[in-house]
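Structure at a glance
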Amino acid sequence: HYYTEDGSLRRVDYRLSGARKLLRESAILRFVMYNLEAGLRLEALSKRLRGELPSAETGEKLERRIADWKRAVDWFLEQLPAKSGLPRQSIVLVVDPLRPAVYDDKTRAEADRGYYGRMTHYFLEAAAARGYEVIDLENVFLPRYKADGTRFEAALTDSHWSALGHRVVAGEIKNSGPFKQLFKSGTDHVLGQVKTD
């Protein structure tokens, strides 16, 4: 589903192009496109040939994209209670950080100034201003990483949370207002004695 200009959601069915159908049917083409990153390289070459810079979006194009993102965030936050059937006070929004930025100060500074950082901060502020409880996992993962070097990925090539990452996040949710309200008496049986260390 995609937001239209008036803020309503419209379903757009996914249709494979002829090239993508061929790619799905051919093991060698899949290998070349995904493992050798041929698609990314071809796109970069195409941009160079058109005279476009391979760097991140800047200027007017970036500002238009950010304006669209902000509208989508505002619409999402406004519609979430009605679409979910829950009042705002019963919803917890968990925001996963750009994890490479958690582990590197320079990457984090660059991310904060760029599209991702600006949009994440906007989402966090807009959600909190509307009465949602928000858990910003950067504020959870970063101190733990700085203290003992803990990483939260399942593997170097798998950015999904590890078992520890899931325990830490579950502990944060367990301490949230909506969770405590929902399970007023004894929550250990619900999360199986969640431990966050």
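Residues numbered from 1 in each chain as written. Predicted model: local features only at pLDDT ≥ 70, side-chain atom pairs only at ≥ 80, totals over all residues. Heavy atoms only, no water.

1. Concerning the pattern of salt bridges
Scanning all chains against the criterion turns up 14 salt bridges. Between Arg130 and Asp74 there is a salt bridge, with its nearest N and O atoms 3.3 Å apart. Linking Arg130 in the loop between α7 (115–129) and β4 (133–136) with Asp74 in helix α4 (residues 59–84), this pair joins segments that are 56 residues apart in sequence. The closest approach of N and O atoms between Asp105 and Arg108, which form a salt bridge, is 2.2 Å. Of the two residues, Asp105 and Arg108 both sit in helix α6 (residues 105–113), three residues apart, roughly one turn of that helix. The exposure class assigned to Asp105 is partly exposed, which follows from its relative accessible area of 47%. Look at the salt bridges and you will find they share partners, linking Asp74, Glu78, Arg88 and Arg130 into a network. (Salt bridge = Lys/Arg side-chain N within 4 Å of Asp/Glu carboxyl O. Helix = DSSP H or I, 4+ residues; strand = E, 2+ residues; numbered from the N terminus. Buried < 20%, exposed > 50% of the residue type's maximum accessible area, 1.4 Å probe, protein only.)

2. Let's talk about the packing of aromatic side chains
Taken as a whole and judged by the stated rule, the model has five aromatic pairs. Geometrically, the ring pair formed by Phe179 and Phe183 is tilted, given 4.8 Å between the ring centres and 45° between the ring planes. Note on Phe179: relative accessible area 11%, which makes it buried. For the cation-ring pair, Arg151 lies above Tyr103, with the distance from its terminal atom to the ring centre recorded as 3.8 Å. (Phe/Tyr/Trp six-rings, centres within 6.5 Å; stacked < 30°, edge-to-face > 60°. Lys NZ or Arg CZ within 6 Å of the ring centre and 35° of its normal.)

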